[in-house]
Amino acid sequence: MDFSYSEEQTLIANSLRKLLDDTYAQDQRQRYLESDLGYSADNWRQYAELGLLSVPFAEEVGGFGGSSVDVLVLQTEFGRRLALEPFVSTVVLGGGAVRLAASAEQQAEILPAVIAGECRLAAALGEPQARFDLNDVETTARADGGGWVLNGAKAVVMGGDTADKLVVSARTGGAATEREGLSLFLVDADAAGVSRRGYRLIDGRGAAEVTLDNVTVDGAALLGEPGAAWPVIEHVADLGNAALCAEAVGAMEMVNELTLDYLKMRQQFGRPIGRFQVLQHRMVDLVMEYENARSIALLAAMEADNPDVTTRARAVSAAKVYVAGAGRKMGQWSIQMHGGIGMTDEYMLGHYAKRLNVGEQTLGDVDHHLARFGAIAAAA
Amino acid sequence: MDLSYNAEELAFRDEVRAFLKDKLPQDLADKVKKSQRLSKNDYMTWHRILFDQGWITPGWPVEYGGTGWTAIQKHIFDEEASAAGAPRVQPFGVNLVGPVICHFGSEEHKQRFLPKIRSGEEFWCQGFSEPGAGSDLASLKTRAVLDGDEWVVNGQKTWTTLGHYADWIFCLVRTDPDVKNQEGISFLLIDMKTPGVTVRPIVTLAGDHVVNEVFLEDVRVPAGNLVGELNRGWDYAKFLLSNERTGIAGIGASKADLEHLKDMARLERKNGKPLIDDPLFQARLAQLEIDLMALELTNMRVLVEEQERGSPGPISSLLKIRGSEIQQRLAEMKMDAVGPYATPFILEAVDADWNGEPVGPDYAAACARSYFDRRKTSIYGGSNEIQKNIITKAILGL
Ligand SMILES: Cc1cc2nc3c(=O)[nH]c(=O)nc-3n(C[C@H](O)[C@H](O)[C@H](O)COP(=O)(O)OP(=O)(O)OC[C@H]3O[C@@H](n4cnc5c(N)ncnc54)[C@H](O)[C@@H]3O)c2cc1C
């Protein structure tokens, strides 16, 4: 067994950490947040130059041919600095759908621009009525000549506010919550009939509500076979969750660094508060949660590319349940141990808690993944 | 044993209900139920309605405007007001400094300050905490030095809730630096308009401006604004904090919150069915309701004891701990109830006069904000760790 990064992974982690150290000081991050774009266009360009946007894509289309473990390496760094760029939505989710569903020809058409940082993607899979069930799709796609006409609404599309293209799930057959009959389409975000209501999530990242009103696309917009997209949708969500878990682990590292520093520095009753045993034990709890979260996030990354859905789902849902639960507790405990200062917008700790929160409530919450894991465990 | 209200208490409850039905403005109750942001005017509107009714200061001695209600009656009022959606009465004048003035203030203080606290004409804030003195409040450094017939005050207060609304601040200040921490503190009333008082906002995680830093630079305060005896401020602060903890379990508000959570869970859908029927969610909801039931009865036991013996004693710390935990869990479950729609953060959406289109259901916008905001309930008024230290010493003798 080997839990360590390869030499190449260490190298890339270090250079990304360096870049983020230089570009993500708190005041810089604040400026990105206050800009219309909501992230650093400059950083996005640099990620492209460093090849980070190419990681999971095949070499034939100019990709790096990497794995979900490579994505974990990057995501942990993004999590440590609470990066705002649409990496998950473009590379992991939107890009994941394209590489898993699209023909070689379509990939060659779409992905080079993504890799170059010139095309941002977002996966518009969830719907207002669906909660976390991605099979609950009411958006329809009707065949029309050689193309399709799309109608429906998509909810909380991460990165949907700035995306150039959207990967949209729509029903070409089957009844409301059936897994059969789902298809994926690549739609220009500014196509006629697409309207987007952009907003920020609690962690500052952008997202959008998307409405599709008689949006016409040509035949080439269909990714994969019509009606057969469910396995891809499920796999994309697993890739996303593995990446969100890795990001959470990075955020947790910083939660613990900040909290430990504070326990040593903050004086009350004539001594550092870290001398109070109840806080010492809580700090140990934080470390314990972090270590276990990291372990299971590694498992999720190792299995996220596995085509065998049972093995993959078991690992990813387990990771999501554990990491989301740990993240919730860690956010609460660390704020508590800081006292009033932990409640302020000016201090970074709370922003880590918020990032952990968004991860928890995206692509399935604890209950959703408990049920998914439970069903697998019960059948085994 | 009898765990129900007696006939007089039931009659009192009916009277409170009739009053609320008649006098609580519907638009205000709607704002409260939707967790929208309340303005100073909203708080004061309700304050004045209670004042007109003679019910604004139930806890004060009757000669100063108290209602003479029993502890149970106070609880009934609190519970009914919360259920009806009445805003919380801001405690700083009514529950904190008011009783201190009633008990320890001079005749002049009583005449000068009490009527305006009751009428709502003057808004108060609490200047206890400092950057270096939170849990260890007695280590506070803000200094007051007598110069002729004025105190000259220098220092900094922080976390001052609604200091930007306040006309007056009651402060703990150090008047003798050469004795044990607790023995050199006095209780001083400062007009916020005095030159040298500067208020700076602190923005919280929920994106709100509620707390402030208050800087005091050569602030000259009439010597007569010192309450009670010189260097006895710590005793008055302890008296005040024990009042702060009465009603701190927040039972009434939590019961109202639970109903709201259930309403949301009936509307939300999971797998096409109401979320409230989902076994995982339902089990957690049930557990929360059971914990609240147990706390409610414990609270009643404490109230009855208070009624019989005159003071609740250190057990009120238990109420604060568990009450704050339940308030936090309620906010947490509301956030969980709305699923993916908990994550959009649209600040304006919690303003009553916002007429934008909500993202997701209209009750979703407040959920994550409340979740983060409620972290405060286990920090302020003496953190839960400090409450446990109190219990350890005062009840367990450890
Ligand atoms: C929203 C909000 C509103 C507030 N409003 C007011 C106000 O209007 N007026 C006012 O004066 N103050 C106000 N406060 C301040 C509040 O009373 C303090 O935050 C509180 O006393 C804790 O102090 P601190 O924040 O300095 O934390 P610290 O005292 O630094 O505590 C940090 C952590 O250490 C723990 N700790 C400290 N000592 C011990 C110990 N001996 N044993 C174990 N653990 C310990 C604490 O429990 C906490 O977890 C407010 C605070 C908040 C968050």
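All values derive from a computational prediction rather than experimental measurement.

Moving on: the domain arrangement of chain B. All names here are of chain B. Under the domain assignment, chain B is made up of domain 1 (7–89), domain 2 (124–231) and domain 3 (249–395). The distance between the C-alpha centroids of domain 1 and domain 3 comes to 20 Å. Tallying the contact residues gives 14 residues for domain 1 and 20 residues for domain 3. Carbon and sulfur atoms make up 54% of the surface buried where domain 1 meets domain 3, a total of about 1,400 Å² over both sides. Three residues stand out in domain 1 for area buried against domain 3, namely Arg37, Ile72 and His75, and they jointly supply 39% of the buried area on that side. Counting across the domain 1 and domain 3 interface gives two salt bridges. One can count seven residue pairs in polar contact (both at pLDDT 80 or more) joining domain 1 with domain 3.

The next subject is the site of the ligand. Neighbouring the ligand are 30 residues; Arg266 and Gln336 of chain A together with Ser135, Thr161 and Ser383 of chain B lie closest to it. Within the backbone of glutamine 126 of chain B, a nitrogen or oxygen atom sits 2.9 Å from a nitrogen atom of the ligand. Separating a nitrogen atom of the ligand from a side-chain N or O atom of asparagine 389 of chain B is a distance of 3.2 Å. In isolation the ligand has 970 Å² of accessible area, and contact with the protein removes 93% of it. Broken down by secondary-structure element, the contributors of at least two residues to the shell around the ligand are helix H8 (277–303) and helix H9 (309–338) of chain A together with helix H12 (384–394) of chain B.

Residue and element names in this part refer to chain A. Per the counting criterion, the structure on display carries eight cavities of 30 Å³ or more. Lining the largest cavity we find 20 residues, and of these Gly126, Ala155, Val156, Thr362 and Leu363 sit closest to its centre. Contributions of two or more residues to the lining of the largest cavity are made by strand E1 (121–124) and strand E3 (147–158). Counting residues per element, the lining of the largest cavity draws most heavily on E3, which supplies four residues. Summarising the domain contributions, the lining of the largest cavity has at least three residues from each of domain 2 (122–227) and domain 3 (231–379). Looking at the second largest cavity, it is lined by 23 residues, and the ones nearest its centre are Leu84, Glu85, Pro86, Phe87 and Arg205. Breaking the lining of the second largest cavity down by element, the ones donating at least two residues are helix H4 (68–81) and helix H5 (87–101).

Taken over all residues, the pLDDT of chain B has a mean of 94, while the share at 70 or more is 99%. With a pTM of 0.97, the predicted complex shows an ipTM of 0.96.

Glancing now at the side chain of threonine 160 of chain B. All names here are of chain B. Counting through the fold element by element, threonine 160 comes out in the loop between strand E3 (150–158) and strand E4 (168–174). Threonine 160 gets classed as buried once you look at its relative accessible area, which sits at 0%. If we ignore the near neighbours within four places in the chain, the residues touching threonine 160 are Cys125, Gln126, Ile169, Val210, Val211, Asn212 and Val214.

So, about the nonpolar core. Tyr47, Phe78, Phe87, Leu184 and Leu223 of chain A together with Leu261 of chain B are the most contacted members of the largest nonpolar core, which has 134 residues in total. Once you skip the residues sitting within four places of it in the chain, leucine 223 of chain A turns out to touch Val98, Ala101, Ala102, Gln106, Ile110, Val167, Leu184 and Leu186 of chain A. Core analysis: the next-biggest nonpolar cluster, separate from the first, contains 49 residues, Leu28, Ile76, Phe77 and Ala237 of chain B among them.

Attention shifts here to the side chain of asparagine 225 of chain B. Residues and elements named next belong to chain B. Positionally, asparagine 225 belongs in the loop between strand E7 (209–222) and strand E8 (226–227). In this structure asparagine 225 comes out as buried when scored by relative accessible area, which is 13%. A distance of 3.0 Å separates a polar atom in the side chain of asparagine 225 from the backbone oxygen of leucine 189. Excluding anything up to four places from it in sequence, asparagine 225 contacts His109, Trp168, Phe187, Leu188 and Leu189.

Thresholds, definitions, all that
Residues numbered from 1 in each chain as written. Chains lettered and ligands numbered in written order. Predicted model: local features only at pLDDT ≥ 70, side-chain atom pairs only at ≥ 80, totals over all residues. Heavy atoms only, no water. Domains from an automatic or database assignment. Contact = heavy atoms within 4.5 Å. Buried area = accessible area lost by both parts, 1.4 Å probe. Salt bridge = Lys/Arg side-chain N within 4 Å of Asp/Glu carboxyl O. Polar contact = N/O pair within 3.5 Å; in protein donor to acceptor, adjacent residues only side chain to side chain. Near = heavy atom within 4 Å. Areas by Shrake-Rupley, 256 points an atom, 1.4 Å probe, with all protein chains shown as cover. Helix = DSSP H or I, 4+ residues; strand = E, 2+ residues; numbered from the N terminus. 1 Å grid on protein atoms, 1.4 Å probe; cavity = no way out; pocket = protein on both sides within 12 Å on 5 of 7 lines; lining within 4 Å. Points joined across faces, edges and corners; volume = space filled by probe spheres on them. pLDDT = per-residue confidence, 0-100. Buried < 20%, exposed > 50% of the residue type's maximum accessible area, 1.4 Å probe, protein only. Core = buried A, V, L, I, M, F, W, Y, C linked by side-chain atoms within 4.5 Å.

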